[in-house]
Amino acid sequence: MKLSKSIGQYIYNKIWRVPKVTVGDFLRRRCDGIPENRRLAVIAVLLSLFILAAFFVFGNACYRIGRGHAAGTLAEPNHIEGLDIPVKSDGGSPDMDNQTVCGYGIAGFENQNK
């Protein structure tokens, strides 16, 4: 158990934690060299691009819904059909010989009639 935990932690550190830290350190070193006003301009440009992309995606979705393209892509749902469950008759059925009848009623209490 301990071996599997250590292997899992090793894989997690190699795949996620170490690259994340190294990329973060690299970006931090690169951004520290940029003057404050240029850093603000870069952030403003990236934020503007993100907002424009979000408006484009939202506008495109609204346009497609308005033209009726969204309704055409949805398929008709398939309905689940009922299962064929064998019913035990008074004489008994060979399919149900190995099964026991539950001694509990609908309310979850044991039946007194047995």
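Residues numbered from 1 in each chain as written. Predicted model: local features only at pLDDT ≥ 70, side-chain atom pairs only at ≥ 80, totals over all residues. Heavy atoms only, no water.

### As for the overall build of the chain
No. 1: Within the chain, the secondary structure is distributed over three helices and zero strands.
No. 2: Secondary structure of the chain in N-to-C order comes out as α-α-α.
No. 3: In the chain, which comprises 114 residues, the proportion classed as buried is 2%.
No. 4: Of the accessible surface of the chain, which amounts to about 11400 Å², a share of 63% is contributed by carbon and sulfur atoms. (Helix = DSSP H or I, 4+ residues; strand = E, 2+ residues; numbered from the N terminus. Buried < 20%, exposed > 50% of the residue type's maximum accessible area, 1.4 Å probe, protein only. Areas by Shrake-Rupley, 256 points an atom, 1.4 Å probe, with all protein chains shown as cover.)

### Overview of a nonpolar patch on the surface
No. 1: Taken together, the side chains of Ile7, Tyr10, Ile11, Tyr12, Ile15 and Trp16 make up a nonpolar region of the molecular surface, amounting to roughly 670 Å² of accessible area.
No. 2: By the secondary structure assignment, Ile15 is in helix H1 (residues 2–32).
No. 3: Overall, Ile15 belongs to the exposed group, its relative accessible area being 62%. (Patch = residues over 30% accessible without salt bridge, like charges linked within 9 Å, V, L, I, M, F, W, Y side chains within 5 Å. Salt bridge = Lys/Arg side-chain N within 4 Å of Asp/Glu carboxyl O.)

Remember that the coordinates give geometry; whether it matters functionally is a separate question.
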